Structure formats: C-alpha cells, structure tokens
Amino acid sequence: LNTNDKGVFEVNASGIIPAQALKQVIPVESLAALSTKYLSGLAPFALKGEITSNKVNIHVDSSLDGLAIKLPAPFNKPANKKEQLAFDLTKDTSNIALTLGTLLDTKILLKNDALAAAVISNNKAPALPKEGLTIDFSAPEVSVAQWSEVLSSLSKQDKKDEKKGGCHHSDS
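Heads up: these notes are all about the structure in this document. Predicted model only: the values in this text are computed from it and were never measured.

This paragraph deals with the overall build of the protein chain. Scanning the protein chain for helices and strands turns up 2 helices and 10 strands. Counting from the amino terminus, the protein chain carries its helices and strands in the arrangement β-β-α-β-β-β-β-β-β-β-β-α. By sequence separation, contacts in the protein chain at least 24 residues apart represent 43% of the contacts at least 6 residues apart. Carbon and sulfur atoms provide 56% of the accessible area of the protein chain, an area that totals close to 10300 Å².

So, on to the packing of aromatic side chains. Under the counting rule described, the total for this entry stands at 1 aromatic pair. Arranged with centres 5.6 Å apart and planes meeting at 90 degrees, the rings of Phe75 and Trp147 form a pair that is edge-to-face. Residue Phe75 is found in the loop between β5 (67–69) and β6 (85–90), and its partner Trp147 is found in helix α2 (residues 144–164); the two are separated by 72 residues along the sequence. Neither residue differs from the other here; Phe75 and Trp147 are each classed as buried.

This part takes up the pattern of salt bridges. When their charged atoms lie close together, side chains carrying opposite charge are able to pair. On inspection of all chains with the given rule, the structure shows 3 salt bridges. In this structure, Lys81 engages Glu83 in a salt bridge whose closest nitrogen and oxygen atoms are separated by 3.4 Å.

This part takes up the side chain of Ser62. Following the sequence through the fold, Ser62 ends up in strand β4 (residues 56–62). From its side chain, Ser62 meets the backbone oxygen of Pro44 in a polar contact 2.3 Å long. Not counting residues up to four positions away in its chain, the partners in contact with Ser62 are Ala43, Pro44, Phe45, Glu83, Gln84 and Leu85.

What follows concerns the pairing of strand β8 (residues 104–111). The buried count for β8 comes to 6 of 8 residues, which makes it a mostly enclosed element. Alignment of strand β7 (residues 95–100) against β8, held across 6 bridges, turns out to be antiparallel. By the bridge assignment for β8, Leu98 is matched with Thr106. The pairing of β8 with strand β9 (residues 114–121) spans 7 bridges and is antiparallel. Residue Leu109 lies in a different strand from β9, and its bridge partner there is Ala117. A loop of 2 residues connects β8 with β9, the two strands running antiparallel in sequence, and Asn112 in this loop sits at a positive phi of about 55 degrees.

This part covers the nonpolar core. With 26 residues, the main nonpolar core has Leu39, Leu64, Leu67, Leu85, Phe87, Ile96 and Leu100 as its most contacted residues. For this core, the secondary-structure elements that each account for two or more residues are α1 (29–38), β3 (39–51), β5, β6, β7, β8 and α2. Setting aside residues no more than four positions away along its own chain, Leu100 makes contact with Leu64, Ile69, Glu83, Gln84 and Leu85.

Quick notes on the rules
- Residues numbered from 1 in each chain as written.
- Predicted model: local features only at pLDDT ≥ 70, side-chain atom pairs only at ≥ 80, totals over all residues.
- Heavy atoms only, no water.
- Helix = DSSP H or I, 4+ residues; strand = E, 2+ residues; numbered from the N terminus.
- Contact = heavy atoms within 4.5 Å.
- Areas by Shrake-Rupley, 256 points an atom, 1.4 Å probe, with all protein chains shown as cover.
- Phe/Tyr/Trp six-rings, centres within 6.5 Å; stacked < 30°, edge-to-face > 60°.
- Buried < 20%, exposed > 50% of the residue type's maximum accessible area, 1.4 Å probe, protein only.
- Salt bridge = Lys/Arg side-chain N within 4 Å of Asp/Glu carboxyl O.
- Polar contact = N/O pair within 3.5 Å; in protein donor to acceptor, adjacent residues only side chain to side chain.
- Pairing = 2+ DSSP bridges.
- Core = buried A, V, L, I, M, F, W, Y, C linked by side-chain atoms within 4.5 Å.

What follows is the structure in structure tokens.
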C-alpha cells in the first residue's frame, strides 16, 4: 500500500486464491454466482490497483495454474494447464476486460451496476456493442445443449439480480 506524490492510492498484492473466494470479488453478481458452479481449485495471482477520488483501476494477472474451468468447449481448462489471465476493471467508466490466453477475450460494460453490453470471443474480441451481447467464437465442435444450459443459468441469475436491485459488491 502506498500513496504516491500525485495522491493516488496504490495497492500491490499477490498470493493464491481458491475458486470459492472468487464469488466475493467478481463485480457482476450473476457471473459471481456461476463461478461456484464452473470453477474449482486454486490460482496464483498478482494485483495492481490505483485509486483516486473519482477513479478505480484494477489489473490482475494469473497463470491459472491449479484452477479448473468446467465450462463447455472451447472455454474449458483442466487444473494442471496454465492459461494466462489478464483482468482489467476501470470503475469510472465501469469497463471490464478479461483475456484468458487463447480461450477468451471479453469486454463488459456496466451501467448502474448492471450488465449493459458485452462481447465474448475466443479470437480478438470485436468492438463492444452499444447494448446487448455479442458472442464471436470458433471451435471445431460446440455443444448447443451445454451452452444453452450455461446461458439459461446466467439468464435465471440475472432475473434474481434484478429482483434484488442489481450488482453484488463485496466490502472485503
């Protein structure tokens, strides 16, 4: 922890996080809830953050060595496979970017702490749509039934979130 000469509060941390704890730090409640179903194990991480009076920037890197991703292909990963993760959150604009090696390139825009627009790709993600969801990925084989289950779970969780009043924020 440090406050630099420009008054920016800087945070640097590293360690190992269990998959169960990720639901406490994922800023979109529906995605946080799904993390308990589709992630298991532990992952090393390095976090850098900068906080000013009107802006929060957080960057997280991880090899994800030890974390299993149990999503349908092509976004699955065994625990013993390394896949470089880069996560960026800019709170003044509520932009979230997530890159997971060659598996995933995602951009998310939140408005009033709710999902406004997102793009999910396993290539270089196309431009973020003005609203809604764009999915752009290629794979030799994709199970529509398995992905329908995941998207249905996400939709059901979003409806629960709307009834509760939006996004989950952790105080820890």
